[in-house]
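Residues per chain are reported as follows:
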Amino acid sequence: MLFPTWAVAGFWGLVSGSALLLGAAAGYFLNVPQRLIAAIMAFGSGVLISTLSLELMEEAYEKGGFDSTGLGFVGGAAAYTFANWLLARYGAKHRKRSGHQQHAERTAVQQGQNPGNKSGADNGMALAIGALLDGIPESIVIGLSMLAGGTVSMVAVVAIFLSNLPEGLSSAAGMKKAGRTPQYVLLLWAGIAVISGLSSLLGYTVFSGFSADVVAATTAVSAGAVLAMIADTMIPEAFEVAHNFTGLITVLGFLVSFVLSKMG
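Residues numbered from 1 in each chain as written. Predicted model: local features only at pLDDT ≥ 70, side-chain atom pairs only at ≥ 80, totals over all residues. Heavy atoms only, no water.

An unreviewed UniProt entry lists the protein chain under the name Zinc transporter, ZIP family, with Hymenobacter mucosus given as the organism. Heading Sequence similarities (unreviewed entry) of the UniProt record for the protein chain holds this comment: "Belongs to the ZIP transporter (TC 2.A.5) family." In its Subcellular location (unreviewed entry) section, UniProt records this for the protein chain: "Cell membrane". (UniProt positions renumbered as here; feature names shortened; annotations may be inferred.)

## Section: a nonpolar patch on the surface
Together, Leu54, Leu255, Phe258, Val259 and Met263 line one region of the surface with nonpolar side chains, adding up to about 450 Å² of accessible area. With four residues, helix H8 (residues 246-263) is the largest single contributor of residues to the nonpolar patch. You can see leucine 255 is positioned in helix H8. (Patch = residues over 30% accessible without salt bridge, like charges linked within 9 Å, V, L, I, M, F, W, Y side chains within 5 Å. Areas by Shrake-Rupley, 256 points an atom, 1.4 Å probe, with all protein chains shown as cover. Salt bridge = Lys/Arg side-chain N within 4 Å of Asp/Glu carboxyl O. Helix = DSSP H or I, 4+ residues; strand = E, 2+ residues; numbered from the N terminus.)

## Observations regarding the environment of serine 200
As for its placement among the helices and strands, serine 200 is situated in helix H6 (residues 182-207). For serine 200, a relative accessible area of 0% translates into the label buried. In this structure the C-alpha to C-alpha distance between serine 200 and glutamine 110, which are 90 residues apart in sequence, comes to 36 Å. Excluding residues that lie within four positions of it along the chain, serine 200 makes contacts with Ala9, Gly10, Gly13, Ser139, Ile140, Ile142 and Gly143. (Buried < 20%, exposed > 50% of the residue type's maximum accessible area, 1.4 Å probe, protein only. Contact = heavy atoms within 4.5 Å.)

## Structural notes on the pattern of salt bridges
On inspection of all chains with the given rule, the structure shows two salt bridges. Where lysine 63 meets glutamate 59, a salt bridge forms, and the shortest distance between an N and an O atom there is 3.1 Å. Remark: glutamate 59 and lysine 63 occur in helix H2 (residues 34-89); sequence separation between them is four residues, near one turn of the helix. Note on lysine 63: relative accessible area 27%, which makes it partly exposed. Close ionic contact of arginine 95 with aspartate 134 constitutes a salt bridge, the shortest N to O distance being 2.9 Å.

## A look at the UniProt feature "transmembrane region" (unreviewed entry) in the protein chain
Here, the residues flagged by UniProt with the feature "transmembrane region" (unreviewed entry) are residues 6-29, 36-57, 69-88, 140-163, 183-207, 214-235 and 241-260. In residues 36-57, helix accounts for 100% and strand for 0%; the two terminal C-alpha atoms are 30 Å from one another. Measuring from the first to the last C-alpha atom of residues 214-235 gives 30 Å, for a span that is 100% helix and 0% strand.

## A word on the packing of aromatic side chains
Using the criterion set out here, one finds four aromatic pairs in the structure. Centre to centre, the rings of phenylalanine 82 and tryptophan 85 are 5.9 Å apart; their planes meet at 35°, and the pair counts as tilted. Residue phenylalanine 82 and its partner tryptophan 85 are located together in helix H2, separated by three residues, close to a single helical turn. Of note, lysine 176 hangs over the ring of tyrosine 28, and the distance from its end group to the ring centre comes to 5.5 Å. (Phe/Tyr/Trp six-rings, centres within 6.5 Å; stacked < 30°, edge-to-face > 60°. Lys NZ or Arg CZ within 6 Å of the ring centre and 35° of its normal.)

## Some details on the environment of serine 18
Of note, serine 18 is situated in helix H1 (residues 5-29). The sequence separation of serine 18 and alanine 79 amounts to 61 residues, and the corresponding C-alpha distance is 25 Å. Among residues more than four places away in sequence, those in contact with serine 18 are Phe161 and Ala193.

## Quick notes on the nonpolar core
One finds Leu48, Leu52, Ile230 and Met234 to be the most contacted residues of the largest nonpolar core, which totals 20 residues. Only H2 and helix H7 (212-242) provide two or more residues apiece to this core. Here this core takes 10 residues from H7, the largest share from any one element. With 11 residues, the next largest nonpolar core counts Ala24, Ala128, Ala131 and Ala172 among its residues. (Core = buried A, V, L, I, M, F, W, Y, C linked by side-chain atoms within 4.5 Å.)

Encoded structure:
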């Protein structure tokens, strides 16, 4: 191999994370209709659901059995849910929304109406931490996927890339309506893209010496966190505008990821 495996893991994590920056730039500078944003978000949700079902959970089960997989899956979802609840108290509940929800939330924070933030301080840091919380589990998966044979799961990379685009797109559109500057938005998502690469690198290097049970549990933790993220932040944004078409578009995203997994 021309490059060390850890570097390859970091590279593919950066590639998948770069979709967040691309989506954010499109969401901020282009006037993308909310219906299209909602449809893309629903499609990305289907892609991720398929990936965590057919790739992550299957791989975790094969390596560690039901106990490690089940505990990791529920643990990942519980950890994400608690962190998401905490961030909502500080003004980051609507960080993925493309409408005026972020503006209303920012105004409430500035007026000291948020349960966790009575000082009136801006919620920019909470938004940044929320974006980080949403991006890390997906990126770690890429590094973990390389532990078996030293090659990356291109299905996982493509699926995460496809799901990151609408995440960045929707969030940045909402940030613009909330009065965020382009410097804030682009630097935020550029930073998350870099951290995605580092998370993927760490997913490979840190866990390469651990047992199969630990790797299985960690993979399942990531899967549980991703599924909780989809249910808490992506599906609500999609359904807000797409309504009755959300299910169909999500199914199409699932199908695309399913086809990719069979081709791989």
